[in-house]
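Summary of the model geometry
Listed below, chain by chain, are the residues.
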Amino acid sequence: YFGFGIGAFRFANGSGKHIFLALQRDKNLDNPTPDDIYTVGVVCKIKRLFHFENNVSVHVEGLYRARIKEYVTTEDYFSVKVEAVEPIYDEGAELTASLKLCREKFREIVASSDDGKDKTEKILAIDDADVFINIAAFRSEISEEEKQIILQTRVVSERAERELYNIEFIFN
């Protein structure tokens, strides 16, 4: 069982459990229903939870992509059962080429940011294509909808091609 919403952060942080994070379809809704939430998100470990006056800041570590199977409760916060979304690794020259270009474009984009060389090199050194695409998409300045499309796509070569298209669109 996983919950999401501010109440879920507090519960998960206090109990040492993980939390499932998923985007709202319309971020302007104050009281979303299950139909307003994308079904694919990320199971995360809460690293830190900060309280500031009327705000909460949360630092999380993404563990794996997952899909909502069932809503257990929608009282106070949503509690859900999820299943892992396993990537489909397809080998071949197309994936290798797309991934190489993604890494090169990502290096160019991140080099112009404040993240520093060490962090960039650690990201670029990630061998797992699926994990690299997760991080590159998260750090790219693309719309939440585009990030969601990449998150929901299981075939790694398709994810790489989509991220490459987005990176090239931003860069040009």
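Residues numbered from 1 in each chain as written. Predicted model: local features only at pLDDT ≥ 70, side-chain atom pairs only at ≥ 80, totals over all residues. Heavy atoms only, no water.

**Quick notes on the environment of Asp-35**
- For Asp-35, the location among the structural elements is in the loop between β2 (19–21) and β3 (40–52).
- The exposure class assigned to Asp-35 is exposed, which follows from its relative accessible area of 67%.
- Residues Asp-35 and Arg-25, 10 residues apart in the sequence, show an inter-C-alpha distance of 8.6 Å. (Helix = DSSP H or I, 4+ residues; strand = E, 2+ residues; numbered from the N terminus. Buried < 20%, exposed > 50% of the residue type's maximum accessible area, 1.4 Å probe, protein only.)

**A closer look at the packing of aromatic side chains**
- On inspection of all chains with the given rule, the structure shows two aromatic pairs.
- An angle of 90° between the planes, with centres 5.6 Å apart, marks the rings of Tyr-71 and Phe-78 as edge-to-face.
- Judged by its relative accessible area of 25%, Tyr-71 is partly exposed.
- Seen from their ring centres, Phe-106 and Phe-132 are 5.7 Å apart, and the 80° between their planes marks the pair as edge-to-face. Of this pair, Phe-106 sits in helix α2 (residues 93–111) while Phe-132 is found in helix α4 (residues 129–139), placing the two residues 26 residues apart along the sequence. Like Phe-132, Phe-106 is buried.
- Sitting over the ring of Phe-132, Arg-103 keeps its end group 4.3 Å from the ring centre.
- Over the ring of Phe-138 we find Lys-147; its NZ or CZ atom is 5.7 Å from the centre of that ring. (Phe/Tyr/Trp six-rings, centres within 6.5 Å; stacked < 30°, edge-to-face > 60°. Lys NZ or Arg CZ within 6 Å of the ring centre and 35° of its normal.)

**Considering the pattern of salt bridges**
- Within the structure shown, the criterion is met by six salt bridges.
- Among the salt bridges present, the one from Glu-61 reaches Lys-47, with a minimum N-O distance of 3.4 Å. Of the two residues, Glu-61 sits in strand β4 (residues 55–73) while Lys-47 sits in strand β3, which places them 14 residues apart along the sequence.
- Take Lys-47: its relative accessible area is 48%, and that puts it in the partly exposed class.
- For Arg-107, the salt bridge is made with Glu-121, and the minimal N-O distance between the two is 2.7 Å. (Salt bridge = Lys/Arg side-chain N within 4 Å of Asp/Glu carboxyl O.)

**Re the environment of Gly-41**
- Of note, Gly-41 is situated in strand β3.
- Each C-alpha atom of the pair Gly-41 and Tyr-64 lies 8.6 Å from the other, and the pair is 23 residues apart in sequence.
- Discounting chain neighbours no more than four positions away, the residues touching Gly-41 are Phe-20, Leu-21, Ala-22, Tyr-64, Arg-65, Ala-66 and Leu-151. (Contact = heavy atoms within 4.5 Å.)

From the geometry alone we can't say anything about function, so treat these as descriptive.
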